[in-house]
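Chain residues, written in single-letter form:
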Amino acid sequence: MENAPRTPDFTPAGVLAGGGDAVVGLEAATATLRAIYKPGSPKAEAAGLHVVSGFDEALQHAIAVSAPVRIRSAGGSAVRDAAWWSRWLAGARDASLAVCDAYWCLWPAQSTVGMDSLRHRLAASVVEALKWAACDRFSPDETLWARLGKLFSDSPDANASVIGGDVPGVGREYLRAVAYYSANLDQVELNMAIALSHLIDLSLPFLALTRKPDGGPQYVVSPSRGAIPVRRVGEGDGDELHFAPWAADELLAGFELALEGGQIPKVLGDLPAEELRPALRHLRAQWSTSPPVRHRRRFTQDADVLVARGFPACLAVVRGEPLPVPRAWKVLDFSRSGLYVLADSDPTRAWPDIGELLGVHFADGDGWQLGIVRRLRMWPNHAGLGIELLAWKPRLAVVDDGEFAVEGILCDAPEKGGVVRFLTLANAPQLAEPLFLREPAAVIRLRPLERLAQVAGYRLVAYQVQ
């Protein structure tokens with residue numbers, strides 16, 4: 001029969017298919033799990049482990065085949081904009097947490113499988129929820145770390161002197177969670193976070209949690225207290241575990257060497273080399289015995305600031321025009337190179353993302369400073385922003401090549417032989433040499449050096465003053 005109506009597919013895979021739209025599928029899966037798995041609900045008891053485990057397996061597949069970069073290619077995909085990928089990431093985060101909560105709703109209720117198997121499934125789901133929350137810039141979830149700590153403390157792995165990543169079990173899942181945390185997934189773009197996650201999974205057999213410190217500064221965690229990992233040097237109490245990633249460096253160095261030779265090892269799948277290279281550099285730096293540290297002293301602050309978001313707003317305030325959309329946030333600490341800002345609300349109902357340009361004006365200060373968001377961590381009602389200062393005294397400027405003139409923001413005072421950075425709209429015309437910086441009292445010749453950043457909304461270029 002032609003054009004016969006299709007029977008709706010209410011299986012986990014069918015729900016997650018979303019009629020061909022991965023975001024719809026992720027959101028539908030979350031809604032379905034939330035409706036079924038509520039503590040004490042007869043629906044949860046009736047659905048039991050079978051339904052949630054089905055969603056768990058189908059979710060891993062749905063995320064893998066719809067991700068912006070994929071370990072295994074699944075054919076071509078439709079071109080999506082940034083807003084769609086933002087929804088996709090939120091969908092992956094929410095669905096992963098819904099699976100975790102559904103498992104927890106059943107724990108320690110009766111099941112058709114052994115308690116150890118259920119404990120392992122639940123631990124893995126907690127780690128997935130932590131991973132996707134970090135990728136979406138959310139703060140570490142204390143409830144999830146407490147759940148994972150309890151699962152670990154109740155498992156045989158809790159008595160081991162060394163927890164290795166080469167033996168399946170709750171201990172390996174706990175190690176995986178600490179490894180994801182150590183990589184600072186919330187500080188990188190989504191594509192790189194996916195590449196990092198795969199590299200961490202491949203590195204697991206070479207990672208360990210030990211009872212004694214080993215090497216330089218290490219992440220330390222206390223499972224019995226359900227604590228979030230912290231980086232520290234030296235010994236603590238006997239309950240703590242120390243993250244030891246050093247043995248993985250030979251593996252990661254080998255991957256880097258292969259990429260330099262134009263080869264992608266098969267275990268890296270179909271991830272593109274341009275995503276793998278920065279991910280490998282980032283992970284090796286984080287797992288070094290001398291990890292990246294702040295070199296500038298930070299000072300506590302409690303100051304009110306006005307904030308402008310994006311290049312057009314920053315250009316307006318540097319011109320002396322009123323702030324287009326008012327935002328009043330707080331600076332909690334500062335250094336010579338940056339600020340930590342606490343944002344408690346935003347008229348756009350979206351927080352600034354990493355790479356975004358911000359203007360900052362202290363309520364008791366003069367003029368505006370410009371910075372770029374380098375860190376973002378979100379809580380339910382506020383966000384913390386790590387801002388790298390770009391310009392302390394920005395000013396308007398025009399650069400032209402005799403045919404086109406581009407207005408923008410000069411970040412540095414021009415000095416002969418020195419370098420100045422110039423901010424313009426991302427879609428501003430490309431200028432040809434010779435170039436000139438025109439100021440009220442002078443015309444200065446410039447030589448282009450390099451493009452320092454090209455982000456949605458703005459372009460940052462470096463010029464040498466001649």
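One can find the structure itself at the top, above this paragraph.
Residues numbered from 1 in each chain as written. Predicted model: local features only at pLDDT ≥ 70, side-chain atom pairs only at ≥ 80, totals over all residues. Heavy atoms only, no water.

(A) Inspection of the overall build of the protein chain at higher detail. Each helix and strand in the protein chain was counted, giving eleven helices and 17 strands. Taken over C-alpha atoms, the radius of gyration comes to 25 Å for the protein chain, in line with the 23 Å a tight globule of 466 residues would show. If one aligns the C-alpha atoms of the protein chain with their principal axes, the spans along those axes are about 80 × 70 × 50 Å. Here the protein chain holds 466 residues, and the buried ones make up 47% of them. Excluding contacts between residues fewer than 6 apart, the proportion of contacts in the protein chain whose partners are at least 24 apart in sequence is 63%. A total of about 22900 Å² of accessible surface is found on the protein chain, and carbon and sulfur atoms cover 54% of it. Averaging the coordinates of the 48 positive side-chain charges in the protein chain and doing the same for the 54 negative ones gives two points 2 Å apart. (Helix = DSSP H or I, 4+ residues; strand = E, 2+ residues; numbered from the N terminus. Rg over C-alpha atoms; globule rule 2.2 N^0.38 Å. Buried < 20%, exposed > 50% of the residue type's maximum accessible area, 1.4 Å probe, protein only. Contact = heavy atoms within 4.5 Å. Areas by Shrake-Rupley, 256 points an atom, 1.4 Å probe, with all protein chains shown as cover. Lys, Arg positive; Asp, Glu negative; His and termini not counted. Charge placed at Lys NZ, Arg CZ, Asp CG, Glu CD.)

(B) Structural detail: the packing of helix α8 (residues 190–203) against helix α10 (residues 273–286). Viewed as axis vectors pointing N to C, α8 and α10 meet at an angle of 65 degrees, and their least axial separation amounts to 9 Å. Every pair of crossing elements has a handedness; the one defined by α8 and α10 is right-handed. On the side of α8, the interface is formed by N191, M192, A195, L196, L199 and I200, while α10 contributes E275, L276, P278, A279, L280, H282 and L283. Across the contact of α8 with α10, the residue classes break down as ten nonpolar, two polar and one charged. (Axes fitted to C-alpha atoms, helices over the stretch in contact; angles between N-to-C directions. Left-handed = near helix turned anticlockwise from the far one by under 90°. Nonpolar A, V, L, I, M, F, W, Y, C, P; charged D, E, K, R; others polar.)

(C) Quick peek at the pairing of strand β14 (residues 419–424). Examined bridge by bridge, strand β13 (residues 405–410) and β14 share two bridges and lie antiparallel to one another. In the sheet register, I409 faces β14, and the bridge partner there is L423. Note that β14 and strand β17 (residues 458–465) share six bridges and pair antiparallel. Paired with T424 across the two strands is R459, which belongs to β17. (Pairing = 2+ DSSP bridges.)

(D) How the structure looks around the environment of R298. Along the chain, R298 turns up in the loop between α10 and β6 (299–309). R298 gets classed as partly exposed once you look at its relative accessible area, which sits at 36%. Sequence-wise, R298 and D333 are 35 residues apart; in three dimensions their C-alpha atoms are separated by 6.4 Å. Apart from the residues lying within four places of it in its own chain, the contact partners of R298 are D333, F334, S335 and Y340.

(E) Up close: helix α9 (residues 249–260). Across its twelve residues, α9 extends 16 Å between first and last C-alpha, which sits within 8% of the 16 Å expected from 1.5 Å per residue. Those residues of α9 that are buried are in contact with α8 and α10. (Expected span 1.5 Å × (residues − 1).)

(F) Spatial organisation of the state of the cysteines. By the definition in use, this model includes zero disulfides. Of the cysteine sulfurs around C135, a residue in no disulfide, the closest is that of C100, at 16 Å. Here C135 falls in the buried class, since its relative accessible area comes to 3%. C411 takes part in no disulfide bond, and the closest cysteine sulfur to it belongs to C314, at a distance of 10 Å. Taking relative accessible area as the criterion, C411 reaches 6% and is therefore assigned buried. (Disulfide = S-S within 2.5 Å.)

(G) Summary view of helix α6 (residues 142–153). Look at α6: 16 Å from first C-alpha to last across twelve residues, which is about the 16 Å you get at 1.5 Å a residue. Along α6, the positions that sit buried rather than exposed are L144, W145, R147, L148, G149, L151 and F152. Packed against the buried residues of α6 are α4 (82–106), α5 (115–135), β1 (162–164), α7 (170–182) and β5 (241–244). Where α6 starts, the residue carrying a side-chain oxygen 2.8 Å from the main-chain nitrogen of T143 turns out to be D141. (Polar contact = N/O pair within 3.5 Å; in protein donor to acceptor, adjacent residues only side chain to side chain.)

(H) The arrangement of the nonpolar core in detail. Judged by nonpolar contacts, the single largest core of 87 residues is most densely connected at Y37, W88, W132, L148, F243 and W287. A per-element tally of this core places α4 first, with eleven residues. Judged by nonpolar contacts, the second largest core, of 20 residues, contains A308, C314, W368 and A391. (Core = buried A, V, L, I, M, F, W, Y, C linked by side-chain atoms within 4.5 Å.)

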